[in-house]
Amino acid sequence: MKKIFATLALSFFCLFQGCSKLQVNWKFKTGGEVHTKPLVYNGIVYFGSDDQYLYAINEETGEEKWKFKSADIIRSSPIIDKGIVYFGSNDKYLYSVYLKNGQRRWRFKTEGGVNATPLLYKNFILFGSDDGHLYVIDKDSRELKWKFKTNDWITTTPVVEKDKVYFGSNDGNFYAVSLTSGKEIWRFKTNGLINSSPSTKDGVVYFGSTDHNLYALDAETGKKIAFEETVNDKTVYKTWLFPTGDDVSSNILISKNILYFGSYDNNLYAVERETGNKKWSFQTDAPIMGSPILMKDLLCFTSLDKYIYLLEQDTGKVKLKFSAEEGISSTPAVNEESIYFGSNDKYLYSIKQK
């Protein structure tokens, strides 16, 4: 009787207060870990796997439409333009593949693995390679516009703003390069590797480093942002720098003048963009390698503790979470009510709040 009463009580509570959880729509098994961010386009989900394939999966059913074989693992997330999907592989090539049938259109050879996600800008594809170069090529002809040499792998995706290309390298430097000429404008040295792709807003560029810091630089000069702050009725001059407890490889999400990003110290941070002061942090049980995204007013992100989390954006409180079978290092994607993400358990998941 007590059990029946408890069940009825819970049912009434859910009816009036709203009980929900994240449940699996479908999951698709690949032959390797899935570290790439899925891309949902016209009812198809595109993603790469460590089994060397790029997959095209029906968004509703999870059934395979086609798959394209490269010669090594795929850690580069796909981008799409005018019926073509572009992505890199650790086999040293950037690929251009037709969406309709998964057939190769062209490939561009570098001297190192292409594990960075490319950027489409106007008629050009910009991407980094493990050979230390940032490449800019014509997306149709494959003609090389220019390449810029750094001293280590480039695993970040560049940002273009006001004819400048911003990106980081594993040589520890963050670069600003002329889009027109490929010549260096400035560089900023950190004390670690830069695996965090930059974000820009209002003339400031933000990125993380494995020296455990999040940086804010003047996009024109490459200097650290300085600002005034009142402390105990006194004006204090500060340099913008946000330290965490471990590597920052997550990309930075900017929303409502707040920066959201993860760290290998297991925390997701919300930091005030103007001052670099912490608004809140949320601790998981393992490093956060992927980047947060927005699902309506909720923050969605993954952790190596096997969970994907949905948090209230303003407070950092957990709204919902879902566990995969192994750790998750990828960045999720959202389309309407469904969330898509890959896991180290070799599956691509489609989940939904029910």
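Scanning the chain from N- to C-terminus turns up one helix and 34 strands. Against the compact-globule benchmark of 20 Å for 354 residues, the chain has a radius of gyration of 21 Å, which places it among compact chains. Its C-alpha atoms put the chain at 75 × 65 × 30 Å along the principal axes. Relative to its full complement of 354 residues, the chain shows a buried share of 56%.

A few words on the nonpolar core. Generally speaking, a soluble globular protein has its nonpolar side chains buried in company with each other. Of all hydrophobic cores here, the largest spans 16 residues; its most connected members are Leu310, Ile339, Phe341 and Ile351. For this core, the leading source of residues is strand β34 (residues 347-353), giving three residues. Once residues within four sequence positions are removed from consideration, Ile339 is found in contact with Leu22, Met295, Cys300, Ile308, Leu310, Pro332, Ala333, Val334, Tyr349, Ser350 and Ile351.

This part takes up the packing of aromatic side chains. Under the defined criterion, the tally for this structure stands at 35 aromatic pairs. Plain terms: the ring middles of Tyr46 and Trp66 are 6.0 Å apart, the flat faces sit at 50° to each other, and that makes the pair tilted. Pair noted here: Tyr46 is in strand β3 (residues 44-48) and Trp66 is in strand β5 (residues 64-69), with a separation of 20 residues, a long-range link. The exposure classification of Tyr46 matches that of Trp66, with both residues buried.

Below, the discussion takes up a positive patch on the surface. On the surface, a cluster of positive charge is contributed by Lys92, Arg104, Arg107, Lys109 and Arg142. Here Lys92 shows up in the loop between β7 (84-88) and β8 (93-98). Lys92 gets classed as partly exposed once you look at its relative accessible area, which sits at 34%.

Where strand β30 (residues 307-312) lies against strand β31 (residues 318-323), five bridges are found, and the strand directions are antiparallel. The residue of β31 that forms the bridge with Leu311 is Val318. Here β30 folds back onto β31, and the loop between the two strands holds five residues, one of which, Gly316, carries a positive phi near 80°.

Among the structural elements, Ala286 can be located in the loop between β27 (278-283) and β28 (293-295). By relative accessible area, Ala286 is classed as buried at 10%. As a C-alpha pair, Ala286 and Phe124 span 162 residues in sequence and 38 Å in three-dimensional space. If sequence neighbours within four positions are ignored, Ala286 has contacts with Asn266, Ser303, Leu304 and Asp305.

On average, residues of the chain carry a pLDDT of 93, and 94% of them reach 70 or more. Contacts of residues 1-18 to residues separated by more than four positions or lying in other chains number three contacts, the stretch itself having pLDDT below 50.

Okay, the side chain of Ser263 next. Mapping Ser263 onto the fold places it in the loop between β25 (258-262) and β26 (267-272). A relative accessible area of 0% places Ser263 in the buried class. Here Asp246 takes part through its backbone oxygen, which lies 3.4 Å from a polar atom of the side chain of Ser263. From its side chain, Ser263 meets the backbone nitrogen of Asp265 in a polar contact 3.1 Å long. Leaving out residues up to four positions away in the same chain, Ser263 has contacts with Thr244, Asp246, Asp247, Val248, Tyr269, Pro287 and Ile288.

Once that is clear, we can look at the sheet that holds strand β29 (residues 298-302). Reading across from one edge, β28-β29-β30-β31 is the order of the four strands in this open sheet, with antiparallel pairing throughout. Every other strand in the sheet has two partners, leaving β28 and β31 as the edge strands with one partner each. For this sheet, the mean angle separating the axes of adjacent strands, direction not counted, is 25°.

About the criteria used
Each residue is numbered by its place in its chain's sequence as written, counting from 1. It should be noted that, the model being predicted, local features are given only for residues of pLDDT at least 70 and side-chain atom pairs only at 80 or more, the latter also being counted only at that level, while totals for whole chains, interfaces and linings use all residues. Where side-chain values are given, they derive from all heavy atoms of the structure, hydrogens and water being excluded. Here a helix means four or more residues in a row that DSSP labels H or I, a strand means two or more in a row labelled E, and each is numbered from the N terminus. Radius of gyration here is computed from C-alpha atoms only, and the compact-globule reference equals 2.2 Å multiplied by the residue count raised to the power 0.38. In this scheme, a residue with accessible area under 20% of its type's maximum is buried, one over 50% is exposed, and one in between is partly exposed, where area comes from a 1.4 Å probe on protein chains only. Definition of nonpolar core: a set of buried residues of the types Ala, Val, Leu, Ile, Met, Phe, Trp, Tyr and Cys, connected through side-chain atoms within 4.5 Å. Every residue pair with non-hydrogen atoms within 4.5 Å of one another is taken to be in contact. Ring pairs are drawn from Phe, Tyr and Trp, using the six-membered ring of Trp, whenever the two centres fall within 6.5 Å, and their geometry is named by plane angle: stacked under 30 degrees, edge-to-face over 60, tilted for the rest. Like-charged residues within 9 Å of one another, or nonpolar side chains (Val, Leu, Ile, Met, Phe, Trp, Tyr) within 5 Å, are grouped into patches, provided each residue has over 30% relative accessible area and no salt bridge. Only the protein chains shown count as cover for residues, with accessible areas throughout obtained via the Shrake-Rupley method and a probe of 1.4 Å. The term salt bridge refers to a side-chain nitrogen of Lys or Arg lying within 4 Å of a carboxyl oxygen of Asp or Glu. In this charge count, Lys and Arg are treated as positive and Asp and Glu as negative; neither His nor the chain ends contribute. Lysine's charge is taken at NZ, arginine's at CZ, aspartate's at CG and glutamate's at CD. Pairing between strands is defined by DSSP: at least two bridges between the two strands are required. Confidence scores labelled pLDDT are given residue by residue by the predictor and lie between 0 and 100. Polar contacts, as counted here, are pairs of nitrogen or oxygen atoms within 3.5 Å of one another; within protein the pair requires one atom able to donate a hydrogen and one able to accept it, and residues that are adjacent in sequence qualify only if both atoms are side-chain atoms. Note on definitions: angles span 0 to 180 degrees between N-to-C directions of axes, and those axes are lines fitted to C-alpha atoms, for helices only across the stretch in contact.

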